[in-house]
Amino acid sequence: MLNSPQRQSSIGVIIEIIYAGQKTLRQFWPLLILAFVKIKNVNLGILITAIILLVALIVIYGFLYYRNFLFCVEDDGSFILKRGVFSKKKVSILPEKIQQVNINQSFIQRILNVYEVEIETAGGIEKEVKINAVSHNVAMEIKTILLEKKVESTAETEQASFIKVSVQQLLIYALSSGFFKSLWIVIIFLLALYTNAKNIIDKDDQLIDFLINKGKNHILISAVIIPFIAVFIFNFLRVLIVYFDYTIAIANKAYSFSYGLFNRKDTVTTKSKIQLVIISQNIIQKKINLCKMYIRQFSSNYLKDTKATIHVPAMTSQNGQFLLQDFFNHGLNIDAILNASKYRFSSNIIKYVIVPTLVFIFINQLVYPINYFAALIIIYIISVTAILLFDYKNYKLGIGENIIVKYAGVFNETRTFIQPKAIQAISVKQYFWHRQAGVLHIYLHTAGGDLIFKFVKQNEILPYLNYWLYLVEKE
Amino acid sequence: MQQETNNANFTNLPVDVNSLPQLQNVATHKVNKKLLWVLILSSFVTFIILISIIVILTNVVEQLKQYRFISLLIVCLIFAAYILLIIISFNNRSYAIRTQDIMYKHGILSRLTTVIPLNRIQHIAINEGVFLRMFGLAQLQIFTAGSGLTDLKLSGITKEDAEKFRELIINKIGIK
């Protein structure tokens with residue numbers, strides 16, 4: 001059915017006209033605003049004629065674009081697309097160049113019940129290979145035909161199993177992940193409020209007096225609780241719109257992730273493309289058994305390529321573990337755990353305790369000769385030292401036959417997973433003051449990001465580095 | 001399998017780790033001495049640019065005039081320290097091409113060793129900057145899949161060597 005050139009779904013005319021209109025607006029909006037502001041007494045007739053003319057042009061353009069837009073899949077699996085109104089263009093993509101086929105739905109497409117099919121190619125030479133409006137059946141057919149030659153089974157096969165993220169879990173995620181963020185925003189808000197109030201009421205004493213006697217309850221409610229709730233609701237709505245009905249389909253070797261309330265996104269990845277996986281839980285999420293996951297795929301530039309990272313905002317820890325086991329073929333067994341050297345702790349103490357304290361004391365001496373903040377400094381030193389101690393305790397590298405795991409974090413525990421065979425290159429860094437102590441930083445580069453482990457003992461890690469190189473090189 | 005007391009031994013691996021090629025014992029080649037001049041020259045260019053910015057700024061903006069001497073002094077001191085570090089750390093620059101991988105060590109305050117297995121190389125380029133060309137040198141750039149962080153840029157080899165190495169690697173791994 002797809003092997004003869006064909007147009008998009010007939011309702012696609014509307015989509016193309018709307019897109020043409022959007023494009024025109026996007027390109028000419030400064031001009032339009034200028035015209036609107038500058039031209040004062042304009043003849044209404046001319047204005048209306050101009051608008052009608054513009055709209056007519058857009059409609060004609062959209063219609064012609066729709067008429068000229070032809071696509072087909074040839075028998076050998078290559079995808080052919082012809083398009084263009086003034087200059088016509090023909091794009092053909094060989095099946096081996098096709099990386100991914102995404103089916104998305106924007107708000108307008110959702111209303112008109114059509115789908116967008118986007119074809120990603122290796123190297124990204126052709127940026128815009130997109131069909132804007134086809135029915136669900138055609139979209140699925142294109143996807144299956146194109147991916148048939150790539151992967152044996154896509155995520156839409158029958159034996160697929162599903163993981164779904166419920167609204168409840170999204171709510172908990174928004175609450176728990178937004179907690180620290182909201183706390184900061186509220187603190188900043190309070191500080192701003194305090195300085196402003198101080199300016200108005202002029203004197204500290206009066207302000208305190210005012211706070212204690214009159215407005216205690218009101219201030220508490222309006223300054224703490226309301227912003228907190230506002231930040232949370234905003235955060236929850238954002239999460240809900242982006243990640244609504246998050247569904248992960250797991251098939252033989254492929255995974256599909258689809259989510260979104262208005263704009264539905266659908267990303268497909270395969271086992272062989274997954275390079276690096278990060279699972280994280282903050283202390284609240286840990287208590288309620290929820291985790292989030294980042295999956296980094298093979299990409300020529302993972303720093304710029306936003307599509308290369310798949311984000312699963314929330315799922316139960318069991319589901320997280322299940323996905324991990326599936327990604328790495330149940331090869332998560334860890335044979336050895338390397339701790340960081342004590343140099344991690346001592347150098348962090350210098351960086352985050354000693355230097356800030358000295359700077360603070362120095363500035364304090366310059367400004368107020370009497371030590372106002374001694375208690376504050378002591379609290380700072382104790383709490384930061386405790387945090388750094390936990391950081392040092394939690395920072396570990398787990399090594400198994402088929403897996404390398406980095407454990408890190410105090411309030412937000414993260415685990416980063418890579419497979420030795422995904423390693424592209426290895427870097428080792430040693431500052432000259434670490435040479436005597438035999439401490440190194442290692443960087444395991446993959447095509448989906450780096451696993452960086454700092455302050456590891458040289459004599460412990462070198463055999464593993466040699467072994468990983470051997471594994472990669474003997475392939 | 002030999003026994004070790006710490007947990008750094010592999011318990012269920014079929015190979016004896018100590019019999020593998022050892023990263024730490026690789027005999028490396030020093031880079032060409034002329035590279036030192038290239039490095040000094042190119043940092044000198046940055047230095048000149050900085051100096052001229054300061055001179056222009058302090059001449060144009062009246063309020064900054066008083067800081068001219070002190071800022072020039074600071075820039076000069078930093079430059080002198082930097083040149084000194086380049087000279088001291090120059091001996092750390094070395095490279096090795098083994099049968100299965102290529103290795104480059106460099107760094108000023110730290111020593112960064114990067115190893116790229118030959119079968120992970122995506123493409124190779126030879127770069128001849130102005131200063132490099134002046135001294136008959138070239139930079140061999142080796143790219144893997146992944147971001148720019150994994151790239152290895154081996155400066156300080158002669159043009160001929162760079163061509164030779166490229167041929168060697170390309171023949172070995174068969175990329176076009």
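Residues numbered from 1 in each chain as written. Chains lettered and ligands numbered in written order. Predicted model: local features only at pLDDT ≥ 70, side-chain atom pairs only at ≥ 80, totals over all residues. Heavy atoms only, no water.

Comments concerning the overall build of chain A
Rule in force here: Secondary structure is summarised from DSSP: a helix means a run of H or I of at least four residues, a strand means a run of E of at least two, and numbering begins at the N terminus for each. Residue burial is assigned from relative accessible area. The probe radius is 1.4 Å, only protein chains are included, and a residue is buried under 20% of its type maximum, exposed over 50%, and partly exposed in between. We call two residues in contact when some of their heavy atoms are within 4.5 Å.
A count of helical and extended segments in chain A gives 13 helices and 20 strands. By residue count, 44% of the 475 residues in chain A fall in the buried class. In chain A, once contacts between residues fewer than 6 apart in sequence are set aside, the share between residues at least 24 apart is 59%.

Describing the sheet that holds strand 20 (residues 449-457) of chain A
The test is simple: The criterion for strand pairing is that DSSP finds at least two bridges linking the strands in question.
What the seven strands build is an open sheet, ordered 20(A)-19(A)-18(A)-4(B)-3(B)-2(B)-1(B); its pairing is antiparallel. The open sheet has two edge strands with one neighbour each: strand 20 of chain A together with strand 1 (29-30) of chain B. Bridge count between strand 3 (residues 101-106) of chain B and strand 4 (residues 110-117) of chain B: six bridges; the pairing is antiparallel. From the neighbouring strand, Ile102(B) faces strand 4 of chain B, where its bridge partner is Ile116(B).

Brief notes about the pattern of salt bridges
So the rule is basically this: Salt-bridge detection follows one rule: a side-chain nitrogen of Lys or Arg within 4 Å of a carboxyl oxygen of Asp or Glu.
One pass over the structure, following the stated rule, counts eleven salt bridges over all chains. The salt bridge partner of Asp245(A) is Arg264(A), with a shortest N-O separation of 3.5 Å. Taken together, the residues Asp245(A) in the loop between helix 7 (216-243) and strand 8 (246-250) and Arg264(A) in the loop between strand 9 (254-259) and strand 10 (265-270) connect sequence positions 19 residues apart. Given the relative accessible area of 16%, Arg264(A) is considered buried. A salt bridge links Arg344(A) to Asp391(A); the nearest nitrogen and oxygen atoms lie 2.9 Å apart. Pair noted here: Arg344(A) is in helix 10 (residues 342-367) and Asp391(A) is in helix 11 (residues 374-394), with a separation of 47 residues, a long-range link. There is no split in this pair, since Arg344(A) and Asp391(A) are both buried. Connected through salt bridges with shared partners, the residues Glu128(B), Lys159(B), Glu163(B) and Arg166(B) form a single ionic network.

What about the side chain of Glu118(A)?
Within the secondary structure layout, Glu118(A) lies in strand 5 (residues 115-121). Setting aside chain neighbours within four positions, we find Glu118(A) in contact with Gln100(A), Val101(A), Asn102(A), Asn104(A), Val129(A), Lys130(A) and Lys307(A).

Details of the nonpolar core
All names here are of chain A. Where we set the bar: Think of a nonpolar core as a cluster: buried Ala, Val, Leu, Ile, Met, Phe, Trp, Tyr and Cys residues, connected wherever their side-chain atoms sit within 4.5 Å.
Counting 35 residues, the largest nonpolar core has Leu 397, Ile 442, Leu 444, Ile 461, Leu 465 and Trp 468 as the members making the most contacts within it. Mapped onto this core, the elements with two or more residues apiece are strand 11 (274-282), strand 14 (336-339), strand 15 (396-399), strand 16 (404-408), strand 18 (423-431), strand 19 (439-446), strand 20 and helix 13 (458-473). At nine residues, helix 13 tops the list of elements feeding residues into this core. Excluding its chain neighbours within four sequence positions, the residues that come into contact with Ile 461 are Leu 338, Leu 397, Leu 440, Ile 442, Val 456 and Trp 468.

Points about helix 4 (residues 159-173) of chain B
Residues and elements named next belong to chain B. Just so we agree on the cut-off: Expected span of a helix: the number of residues minus one, times 1.5 Å. Within this analysis, the arc is defined by the directions that extend from the helix axis to the C-beta atoms.
The terminal C-alpha atoms of helix 4 lie 21 Å apart, and with 15 residues this matches the ideal 21 Å at 1.5 Å per residue to within 8%. Ala 162, Phe 165 and Ile 169 are the residues of helix 4 that are buried. Down the axis of helix 4, the buried side of the element spans an arc of 65 degrees, and every buried residue falls inside it. Away from its buried face by more than 90 degrees, helix 4 exposes Glu 160, Lys 164 and Asn 171.

Examining the packing of aromatic side chains
The description of an aromatic ring pair uses the distance of the two centres, along with the angle that the planes make with each other. Residue and element names in this part refer to chain A. Counted only if it meets this: Any two of the Phe, Tyr and Trp rings considered here, Trp counted by its six-membered ring, make a pair once their centres fall within 6.5 Å; the pair's planes then place it as stacked at under 30 degrees, edge-to-face at over 60, or tilted in between. Our definition puts a charge over a ring when NZ of Lys or CZ of Arg is within 6 Å of the ring centre and also within 35 degrees of the ring normal.
One pass over the full model with this rule turns up 20 aromatic pairs over all chains. On the numbers, 4.8 Å between centres and 5 degrees between planes, the contact of Tyr 246 with Tyr 259 is stacked. Residue Tyr 246 is found in strand 8, and its partner Tyr 259 is found in strand 9; the two are separated by 13 residues along the sequence. You can call Tyr 259 buried: its relative accessible area is 15%. Between Tyr 431 and Trp 433 the ring centres are 4.9 Å apart and the planes differ by 20 degrees, which places this aromatic pair in the stacked class. Members of the aromatic cluster, joined through ring pairs, are Tyr 61, Tyr 65, Phe 69 and Phe 86. Taking the ring centre of Tyr 395 as reference, the NZ or CZ of Arg 344 above it sits at 3.6 Å.

Here we look at the confidence of the model for chain B
The predicted coordinates of low-pLDDT regions are not to be read in fine detail. For clarity, the threshold we go by: By definition, pLDDT measures how confident the predictor is in each residue, and it falls between 0 and 100.
Overall, the predicted model of chain B reaches an average pLDDT of 82, with 84% of residues at or above 70. Low pLDDT, under 50, characterises residues 1-12 of chain B; the predicted model gives this stretch 22 contacts beyond four residues in sequence or across chains.

What to know about the packing of helix 1 (residues 35-60) of chain B against helix 2 (residues 68-89) of chain B
Between two packed helices, the angle of one axis relative to the other and the distance separating the axes together describe the packing. Residues and elements named next belong to chain B. Definition in use: Fitted lines through C-alpha atoms serve as axes, helices being fitted only where they are in contact, and the angles separating the N-to-C directions of these axes extend from 0 to 180 degrees. These descriptions rest on fixed angle ranges, namely under 35 degrees for roughly parallel, over 145 for roughly antiparallel, 65 to 115 for roughly perpendicular, and the rest for oblique. Under the convention adopted here, Pro, Cys and the residues Ala, Val, Leu, Ile, Met, Phe, Trp and Tyr are nonpolar, Asp, Glu, Lys and Arg are charged, and Gly plus all remaining residues are polar.
Helix 2 packs onto helix 1 with a crossing angle of 170 degrees between their chain directions and a minimal axis gap of 11 Å. When the axis of helix 1 is compared with that of helix 2, the two are roughly antiparallel. Contacts from Leu 36, Leu 39, Ile 40, Ser 43, Phe 44, Phe 47, Leu 50, Ile 51, Ile 54, Thr 58 and Asn 59 of helix 1 reach helix 2 at Arg 68, Ser 71, Leu 72, Val 75, Cys 76, Phe 79, Tyr 82, Ile 83, Ile 86 and Ile 87. Among the residues forming the contact of helix 1 with helix 2, the class breakdown is 16 nonpolar, four polar and one charged.

Regarding helix 1 of chain B
Given a rise of 1.5 Å per residue, 26 residues ought to cover 38 Å, and the 38 Å separating the end C-alpha atoms of helix 1 of chain B matches this to within 8%. Residues Leu35(B), Leu36(B), Val38(B), Leu39(B), Ile40(B), Ser43(B), Phe47(B), Ile54(B) and Thr58(B) constitute the buried set of helix 1 of chain B.

A few points about the environment of Gln325(A)
With respect to the helices and strands, the residue Gln325(A) is situated in helix 9 (residues 317-327). For Gln325(A), the contacting residues outside a window of four places in its chain are His330(A), Gly331(A) and Leu332(A).

Looking at a negative patch on the surface
Residue and element names in this part refer to chain A. Our working rule: For patch detection, residues must exceed 30% relative accessible area and be free of salt bridges, and they are connected within 9 Å for like charges or within 5 Å for nonpolar side chains (Val, Leu, Ile, Met, Phe, Trp, Tyr). To be clear on the numbers: accessible area is Shrake-Rupley with a 1.4 Å probe, and residue cover counts the displayed protein chains and nothing else. Under the counting rule used here, the positive set is Lys and Arg, the negative set is Asp and Glu, and His together with the chain ends is not counted. For this purpose, a charge sits on NZ of Lys, CZ of Arg, CG of Asp or CD of Glu.
A surface patch of negative charge is lined by Glu 74, Asp 75, Asp 76 and Glu 96. Following the sequence through the fold, Asp 75 ends up in the loop between strand 1 (70-73) and strand 2 (79-83). According to the relative accessible area criterion, Asp 75 is exposed, its value standing at 68%.

A closer look at the sheet that holds strand 15 of chain A
All names here are of chain A. Pairing is antiparallel across the open sheet formed by seven strands, whose spatial order is 13-12-11-17-16-15-14. Only two strands of the sheet have a single neighbouring strand rather than two, namely strand 13 (309-316) and strand 14. Averaged over all adjacent pairs, the angle separating strand axes in this sheet is 20 degrees, with direction ignored. Where strand 12 (residues 290-297) and strand 13 come together, six bridges link them in antiparallel fashion. Looking at the pairing, Cys 291 lines up with Met 315 of strand 13. Packed on one face of the sheet, helix 13 meets strand 14, strand 15 and strand 16 and runs near 130 degrees to strand 14.

A short note on the environment of Asn92(B)
Rules: In protein, a polar contact means a hydrogen-donor-capable atom and an acceptor-capable atom, both N or O and within 3.5 Å, with residues adjacent in sequence counting only if both atoms are side-chain atoms; elsewhere, any N or O pair within 3.5 Å suffices.
Of note, Asn92(B) is situated in the loop between helix 2 and strand 2 (94-97). Placed 18 residues apart in sequence, Asn92(B) and Ser110(B) show a C-alpha to C-alpha distance of 9.6 Å. When neighbours within four sequence positions are excluded, Asn92(B) is seen to be in contact with Arg435(A), Lys105(B), His106(B), Gly107(B) and Arg111(B). Here the side chain of Asn92(B) touches Arg111(B) through a polar contact of 3.4 Å, side chain to side chain.

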